[in-house]
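# Architecture at a glance
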Amino acid sequence: MSKTVTPWLDNLLQEIEGIEIRRKDSRRVRIDIAADSLPTLLELLRGRAGYVHLSAITCVDWIDESQFELVYQLWSYESQSLVSAHIRIAREPGVYVSVFDLYQPAAFFERDIHEMFGVYFEGSPDMSKFILTEWNGPPPMRKEFDSEAWVNETFEWKDYQPDWLKEITEQGGGIVKTPEETRQKNP
Amino acid sequence: MKEIDIPIEASVGQSRTNPLARVFDELVRFCRSRSMFMLHYCTGCGAIELPPAMTSRFDMERLGIQPMVTPRQADILLITGYVSIKTLKRVILTYEQMGSPKYVIGICSCTVNGGMYWQSYATAKQLDQYLPVDLYIAGCMPRPEAVLEGMRKLMDRIRSDEADGWKDYYRRYDWYLGNQQHLFGDDWQTPADVIGEASHYDLAGPGTEGEHTRLLQQCQKPLEPQQTFFQIGGSLEKKGEFHE
């Protein structure tokens with residue numbers, strides 16, 4: 001098989017409603033698609049085009065547009081090419097369907113996204129805590145979660161100018177750039 | 001390093017009559033400082049500097065420092081790098097399993113004040129709030145020379161009987177436990193009976209028990225055997241709870 005996405009696949013994909021295909025490379029295709037049509041697309045790519053490997057599902061939080069972007073990375077061993085299917089879902093309530101019935105590894109990716117972004121996947125086998133078993137706060141990868149504020153509220157900081165350091169500073173050593181300078185946000 | 005105000009108790013009851021006692025104490029301390037088994041809990045990137053420090057190039061073993069496989073046989077707990085809150089629980093469990101005297105070394109900037117992960121929600125910032133740290137080796141990451149230098153420093157401190165962080169853990173257990181509970185929640189508990197150990201070593205001070213240890217006793221549940229499941233096949237159903 002040639003190492004490009006075959007033309008017939010391109011033609012077939014054009015039939016799906018609300019689809020936009022951008023060829024980034026001979027072996028890399030980006031597909032933007034309406035959220036409702038994604039299971040159909042995956043079914044097609046898996047069943048008819050050999051994209052049997054779901055490498056990852058990633059999530060992007062577009063807080064200004066009040067949307068989550070889900071990216072499904074699919075790899076074909078036959079044509080050695082990558083398809084990334086992008087969808088946008090509403091940030092509230094942040095619910096989407098699971099693709100576990102098509103790709104079993106999706107269970108872990110979906111569980112991870114649920115933990116980090118709070119997106120709920122209907123039909124996913126397990127939506128319980130995955131990595132952050134000690135975490136009781138909001139999903140930490142959401143843009144509205146201010147990690148720095150949470151840290152400043154939870155933890156105390158060690159003194160950066162202790163007495164013993166002054167002696168070293170007098171002798172020409174010590175801290176070159178203070179943490180306060182480093183931590184000042186760029187205007 | 002911050003000076004910690006440790007109340008010094010007068011030795012209770014028996015006064016020492018053996019004139020050779022101090023000699024033996026010094027001998028014991030010398031031997032202790034020359035045979036240190038270290039348990040390196042490789043939490044972060046600093047662990048990468050330990051293999052060269054241990055193996056033939058810098059050869060830590062000539063100082064009597066060797067890696068050890070289990071916490072119960074180890075003297076030093078090396079925390080090499082950032083400690084996530086999840087890891088910190090395991091670190092504390094490991095530390096409490098070790099037999100006294102025990103020493104904790106915090107390697108890398110992350111154990112001092114969070115390091116480059118200072119704004120991360122997932123890492124604990126100051127290790128010495130949760131465990132008594134005897135020595136910090138700062139750097140990101142410290143070179144093997146710095147690690148060895150730190151080890152030499154710890155040896156000196158053991159010989160001069162200054163490395164008494166483990167006593168501090170018993171004397172001020174309530175404070176350490178309070179910080180642990182602040183992170184892990186009120187129902188945090190470990191299998192070790194630290195208060196019992198403190199009274200066994202005759203190290204129970206006014207800071208050993210307090211409001212946090214009372215909370216611990218209120219929330220204490222009897223220990224249950226940990227359930228282990230071996231799963232063969234692709235079923236992803238939840239099979240059991242993980243007990244700590």
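Keep in mind that this is a model prediction, so the values were computed, not measured. (Residues numbered from 1 in each chain as written. Chains lettered and ligands numbered in written order. Predicted model: local features only at pLDDT ≥ 70, side-chain atom pairs only at ≥ 80, totals over all residues. Heavy atoms only, no water.)

All names here are of chain B. As a packed pair, helix H3 (residues 85-97) and helix H7 (residues 173-184) sit with axes 11 Å apart at the nearest point and diverge in direction by 150 degrees. With respect to H7, the axis of H3 lies roughly antiparallel. Where H3 crosses over H7, the handedness of that crossing is left-handed. For the pair H3 and H7, the contacting residues are Ile85, Leu88, Lys89, Ile92 and Glu96 in the first and Tyr173, Gln180, Leu183 and Phe184 in the second. Grouping the constituent residues of the contact of H3 with H7 by class yields six nonpolar, one polar and two charged. (Axes fitted to C-alpha atoms, helices over the stretch in contact; angles between N-to-C directions. Helix = DSSP H or I, 4+ residues; strand = E, 2+ residues; numbered from the N terminus. Parallel < 35°, antiparallel > 145°, perpendicular 65-115°, else oblique. Left-handed = near helix turned anticlockwise from the far one by under 90°. Contact = heavy atoms within 4.5 Å. Nonpolar A, V, L, I, M, F, W, Y, C, P; charged D, E, K, R; others polar.)

Residue and element names in this part refer to chain B. Residues Leu20, Val23, Phe24, Leu27 and Phe30 make up a contiguous nonpolar surface patch of about 470 Å² in total accessible area. Along the polypeptide, Phe30 turns up in helix H1 (residues 21-34). Under the relative-accessibility criterion, Phe30 is labelled partly exposed at 37%. (Patch = residues over 30% accessible without salt bridge, like charges linked within 9 Å, V, L, I, M, F, W, Y side chains within 5 Å. Areas by Shrake-Rupley, 256 points an atom, 1.4 Å probe, with all protein chains shown as cover. Salt bridge = Lys/Arg side-chain N within 4 Å of Asp/Glu carboxyl O. Buried < 20%, exposed > 50% of the residue type's maximum accessible area, 1.4 Å probe, protein only.)

What follows covers the sheet that holds strand E3 (residues 76-80) of chain B. Residues and elements named next belong to chain B. The strand order across the open sheet built from five strands is E2-E1-E3-E5-E7, with neighbouring strands paired in parallel fashion. Looking at which strands have only one partner, the edges of the open sheet turn out to be strand E2 (65-67) and strand E7 (135-137). On average, adjacent strands in this sheet sit at an angle of 30 degrees to one another, irrespective of strand direction. Here three bridges tie strand E1 (residues 36-41) to E2, and the two strands are oriented parallel to one another. Counted as the bridge partner of Met36 is Ile65 from E2. Relative to E1, H3 is tilted by about 160 degrees, and along the sheet it contacts E1, E3 and strand E5 (103-107). (Pairing = 2+ DSSP bridges.)

Further remarks concern the pattern of salt bridges. Residue and element names in this part refer to chain A. Evaluated as defined, the whole model comprises 18 salt bridges over all chains. In this structure, Arg88 engages Glu65 in a salt bridge whose closest nitrogen and oxygen atoms are separated by 2.8 Å. One end of the pair, Arg88, is in strand E5 (residues 81-90); the other, Glu65, is in the loop between strand E3 (53-62) and strand E4 (67-76), and 23 residues separate them in sequence. By sharing partners, the salt bridges in this structure join Glu20, Arg22, Arg30, Asp32, Glu65, Glu69 and Arg88 into a single network.

Before going further, it helps to spend a moment on the domain arrangement of chain B. Residues and elements named next belong to chain B. According to the domain assignment, chain B contains domain 1 (21-163) and domain 2 (164-224). Distance between the C-alpha centres of domain 1 and domain 2: 22 Å. On the domain 2 side, the residues contacting the 21 residues of domain 1 number 20 residues. Roughly 1700 Å² is buried in total at the junction of domain 1 and domain 2, and carbon and sulfur atoms are behind 62% of that figure. Where domain 1 touches domain 2, the interface holds zero salt bridges. (Domains from an automatic or database assignment. Buried area = accessible area lost by both parts, 1.4 Å probe.)

At the junction of Glu92 of chain A and Pro93 of chain A, the peptide bond is cis and its omega measures out at 5 degrees in the coordinates. In this structure, Pro93 of chain A sits in the loop between E5 and strand E6 (95-97). Look at the link from Cys140 of chain B to Met141 of chain B: it is a cis peptide, with omega at -5 degrees. One can find Met141 of chain B in the loop between E7 and helix H5 (144-159). At Ser66 of chain A, a residue that is not glycine, the phi angle is positive and equals roughly 55 degrees. With respect to the helices and strands, Ser66 of chain A occurs in the loop between E3 and E4. On the basis of relative accessibility, which here comes to 39%, the residue Ser66 of chain A falls in the partly exposed class.

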